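An overview of the molecular structure
One-letter residues, chain by chain:
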Amino acid sequence: MPQRYRTILLFGRPGSGKGTIGKVLGAVPGFFHMACGDTFRTLDLSTDLGKIFADYSSRGELVPDESTVKLWKVTCNAQVDTHRYRPDLDLLILDGIPRNLEQAKLMEEYIQVERVFHLVCTDEAEMMARLRRRALRDNRFDDASEDVIRHRWQVYTDETRPVLNFYAPEKIERVDAMGSPAKVIHDILGRMMGWGLIK
């Protein structure tokens with residue numbers, strides 16, 4: 001059986017600040033952050049996996065879970081080979097994968113999930129404002145629509161609930177994501193220290 005990477009999973013609805021939290025944690029010594037979206041954006045379309053992704057994307061279809069997990073594993077192996085990610089020293093922070101129950105099952109072979117941080121936002125108006133600001137900043141004007149945002153939230157909820165149920169309840173940590181990124185990260189790091197995951 002291959003080495004299973006000690007892993008922290010980040011979950012959160014669009015607008016919860018999950019990407020920001022992941023990037024900041026990834027800059028802390030002892031952590032290595034991998035965002036699924038970044039992996040796809042840097043994919044070499046001339047490779048066999050790249051061609052599979054391009055084929056599905058060109059038809060507007062979702063890439064099969066097995067191919068998605070395979071791409072993640074190839075990318076992860078490359079980070080290990082270049083010594084950017086050191087599994088014996090670093091906790092792996094995953095953001096955006098596993099996205100659904102099938103991916104969670106497939107990834108069991110590769111990751112040992114230590115904790116799942118579920119970033120929860122109770123203020124929908126603030127979440128909506130965050131997403132609108134991001135859409136305008138990135139010139140993604142369609143994403144500023146309230147209908148589009150609410151649809152993305154519903155898709156996230158439908159996909160994520162089975163994944164959260166897949167992991168043991170004692171591994172799920174609800175984190176209030178309405179504070180500043182610094183406050184959220186302080187909360188997460190404090191809990192990790194309490195469990196002995198970091199010193």
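Our structure is the block above this text.
Here goes a summary of the coordinates provided. (Residues numbered from 1 in each chain as written. Predicted model: local features only at pLDDT ≥ 70, side-chain atom pairs only at ≥ 80, totals over all residues. Heavy atoms only, no water.)

**A look at the sheet that holds strand S3 (residues 91-95)**
Strand order in the open sheet formed by 5 strands is S2-S3-S1-S4-S5, and the pairing between neighbours is parallel. If you trace the sheet from one side to the other, it starts and ends with strand S2 (31-35) and strand S5 (172-176), each paired once. For this sheet the average axis-to-axis angle between neighbouring strands, irrespective of direction, equals 25 degrees. For S2 and S3, the ladder comprises 5 bridges, and the chain directions are parallel. Looking at the pairing, Phe 32 lines up with Leu 92 of S3. On top of the sheet, helix H4 (residues 65-81) reaches strand S1 (5-12), S2, S3 and strand S4 (111-120); it is set at about 125 degrees to S1, its chief contact. Most of the contacts of helix H7 (residues 146-166) go to S1, to which it runs at about 145 degrees, and overall it touches S1, S4 and S5. (Pairing = 2+ DSSP bridges. Helix = DSSP H or I, 4+ residues; strand = E, 2+ residues; numbered from the N terminus. Axes fitted to C-alpha atoms, helices over the stretch in contact; angles between N-to-C directions. Contact = heavy atoms within 4.5 Å.)

**Quick word on the state of the cysteines**
What the rule picks out here adds up to 0 disulfides. Left unpaired, Cys 36 is separated from the closest cysteine sulfur, that of Cys 76, by 12 Å. (Disulfide = S-S within 2.5 Å.)

**Here's the deal with the layout of surface pockets**
The calculated volume of the second largest pocket comes to roughly 340 Å³. Broken down by secondary-structure element, the contributors of at least two residues to the lining of the second largest pocket are S2, helix H2 (36-41) and H4. No other element matches H4, which puts 5 residues into the lining of the second largest pocket. Residue composition of the lining of the second largest pocket, by class: 8 nonpolar, 6 polar and 4 charged. (1 Å grid on protein atoms, 1.4 Å probe; cavity = no way out; pocket = protein on both sides within 12 Å on 5 of 7 lines; lining within 4 Å. Points joined across faces, edges and corners; volume = space filled by probe spheres on them. Nonpolar A, V, L, I, M, F, W, Y, C, P; charged D, E, K, R; others polar.)

Geometry only, nothing functional implied.
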